[in-house]
Amino acid sequence: AMKEVVLLDSWACPFSMRVRIALAQKGVDYESKEEDLLLPKSELLLKLNPVHKKIPVLIHNDRPVCESLVILQYVDEVWNHTNPLLPFDPYQRAQARFWADFIEKKTFETTQRVWATKGEEQEVGKKEFIDHFKFLEQQLGDKPYFGGDSFGYVDVVLIPFYSWFYAFETLGDFKIEESCPKIIAWAKRCMQKENVASSLPDQEKVYEFVLAYRKKLGVD
Ligand SMILES: N[C@@H](CCC(=O)N[C@@H](CSO)C(=O)NCC(=O)O)C(=O)O
């Protein structure tokens, strides 16, 4: 039988990275089953996530949990003995869920218009990208983390996109630090944490993956 905890994973997928960080924060030992996003989906993925057919899927005692934000909250509740992701106060929890939802709705879509496009469409995408991250930077303000003094739920939701920054900058020919220095400072602060750094792939490797993905999508 499978291990108690299995993650249907994909090394370059920002949504999977969220779950890898959360499991590391909780000290959970798990088996990672790699799904190659450039190949047809596995039978296991289609069986365990028939609705969205997407990665990540957490399999806990043979039962699947789908959608990274749902998985993060499940992990926080099951392994509630250490490193809470969500704050305790209901209002602060609501604020964390609000910003995680905002990021879920906007960030991937906004980044896609930089890495999966070219020409004029990409120029528009770059402006939207900078506006979006400036807005997030405003929300961060002078706090060390989105959750305040400690690394928490919203930080876990957003930090995976940092591993794609080199790909965005190289494909989009721009420097994110020029417009959003506090976002870069925040990302580097998060990367000081072993549980984060060990869960995110090398940025150049992600760039190579994105080039292959662009070819698969027929962008170039
Ligand atoms: N809202 C979901 C998004 C997961 C997702 O898009 N996963 C991608 C890989 S990472 O880019 C995926 O599985 N893509 C396959 C597909 O879209 O068919 C979540 O948060 O878990």
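Going by the structure above, here's the rest.
Now for a look at the structure at hand. Think of each chain on its own: its residues are numbered from 1, step by step along the sequence as written. With the structure being a predicted model, the display of local features is reserved for residues of pLDDT at least 70 and the display and counting of side-chain atom pairs for 80 or more, all residues being used for whole-chain, interface and lining totals. Hydrogen atoms and water are omitted, and side-chain values are computed over all heavy atoms in the structure.

### Observations concerning helix α1 (residues 14-26)
What counts, and what does not: A helix here means a DSSP run of H or I that spans at least four residues, while a strand means a run of E at least two residues long, and both kinds are numbered starting from the N terminus. Given the number of residues in a helix, its expected span is that number minus one, multiplied by 1.5 Å. Whether a residue is buried, partly exposed or exposed follows from its accessible area with a 1.4 Å probe, protein chains only, as a fraction of its type maximum: under 20%, in between, or over 50%, in that order. By the convention used here, residues are in contact when the closest approach between their heavy atoms is within 4.5 Å.
Its 13 residues place the ends of α1 19 Å apart at the C-alpha level, agreeing with the 18 Å of an ideal helix rising 1.5 Å per residue. For α1, the tally of buried residues reaches twelve of 13 residues, placing the bulk of the element in the interior. Check the buried side of α1 and you find it contacts β1 (5-9), β3 (57-60), α3 (68-78), α4 (90-115), α6 (153-158) and α10 (194-197).

### Concerning the layout of surface pockets
Unoccupied space between atoms shows up once a probe the size of one water molecule is rolled over them. The condition is simple: Only protein atoms enter the calculation, which uses a 1 Å grid: trapped sets of points that fit a 1.4 Å probe without letting it out are cavities, open sets showing protein on both sides within 12 Å along at least five of seven lines are pockets, and any residue with an atom within 4 Å of a point is a lining residue. Grid points are joined across faces, edges and corners, and a volume is the space filled by probe spheres set on the points. Residues are grouped as follows: nonpolar covers Ala, Val, Leu, Ile, Met, Phe, Trp, Tyr, Cys and Pro; charged covers Asp, Glu, Lys and Arg; every other residue, Gly included, is treated as polar.
In this model, the largest pocket occupies a volume close to 680 Å³. Surrounding the largest pocket, 28 residues form its lining, Cys 13, Phe 15, Lys 54, Ile 55 and Phe 108 being those nearest its centre. Listed by contribution, the elements that provide at least two residues to the lining of the largest pocket are α1, α4 and α11 (203-217). For the lining of the largest pocket, the element with the highest residue contribution is α4, accounting for six residues. Of the residues in the lining of the largest pocket, the class split is 15 nonpolar, three polar and ten charged. Size it by volume and the second largest pocket reaches roughly 280 Å³. If you trace the second largest pocket, you find 18 residues lining it, with Pro 87, Gln 92, Ala 96, Phe 146 and Gly 147 closest to the centre.

### Comments concerning α4
Going by this rule: A residue's bend is given by the angle between axes fitted to the 7 residues ending at it and the 7 residues starting at it.
Taking 1.5 Å per residue, 26 residues should reach 38 Å; α4 reaches 37 Å between its end C-alpha atoms and fits that length. The largest bend in α4 comes to about 30°, at Ile 103. All buried positions along α4 are accounted for by Ala 96, Trp 99, Ala 100, Phe 102, Ile 103, Thr 107, Thr 110, Thr 111, Val 114 and Trp 115. The inward-facing, buried residues of α4 abut α1, α3, α5 (119-140), α6, α7 (165-172) and α11.

### Looking at the packing of aromatic side chains
Put simply, the rule reads: Only Phe, Tyr and Trp rings are paired, with Trp represented by its six-membered ring, and only when their centres lie within 6.5 Å; those with planes under 30 degrees apart are stacked, over 60 edge-to-face, the remainder tilted. For a lysine, the NZ atom is tested; for an arginine, the CZ atom; a charge sits over a ring if that atom is within 6 Å of the ring centre and within 35 degrees of the ring normal.
For the structure on display, the rule yields 22 aromatic pairs. For the pair Trp 164 and Phe 168, a centre-to-centre distance of 6.2 Å together with 40° between the ring planes defines the contact as tilted. Taken individually, Trp 164 and Phe 168 each receive the classification buried, so the pair is uniform in this respect. Relative to Tyr 207, the ring of Tyr 166 lies with its centre 5.5 Å away and its plane at 85°, an arrangement referred to as edge-to-face. One end of the pair, Tyr 166, is in helix α7; the other, Tyr 207, is in helix α11, with 41 residues separating them in the sequence. Residue class for Tyr 166 comes out partly exposed when judged on its relative accessible area of 28%. An aromatic cluster of at least three residues, connected via ring pairs, comprises Trp 11, Trp 115, Phe 129, Phe 133, Tyr 162, Trp 164, Phe 165, Phe 168, Phe 174, Phe 209 and Tyr 213. Residue placement shows Lys 205 over the ring face of Trp 11; its charged tip is 4.1 Å from the ring centre.

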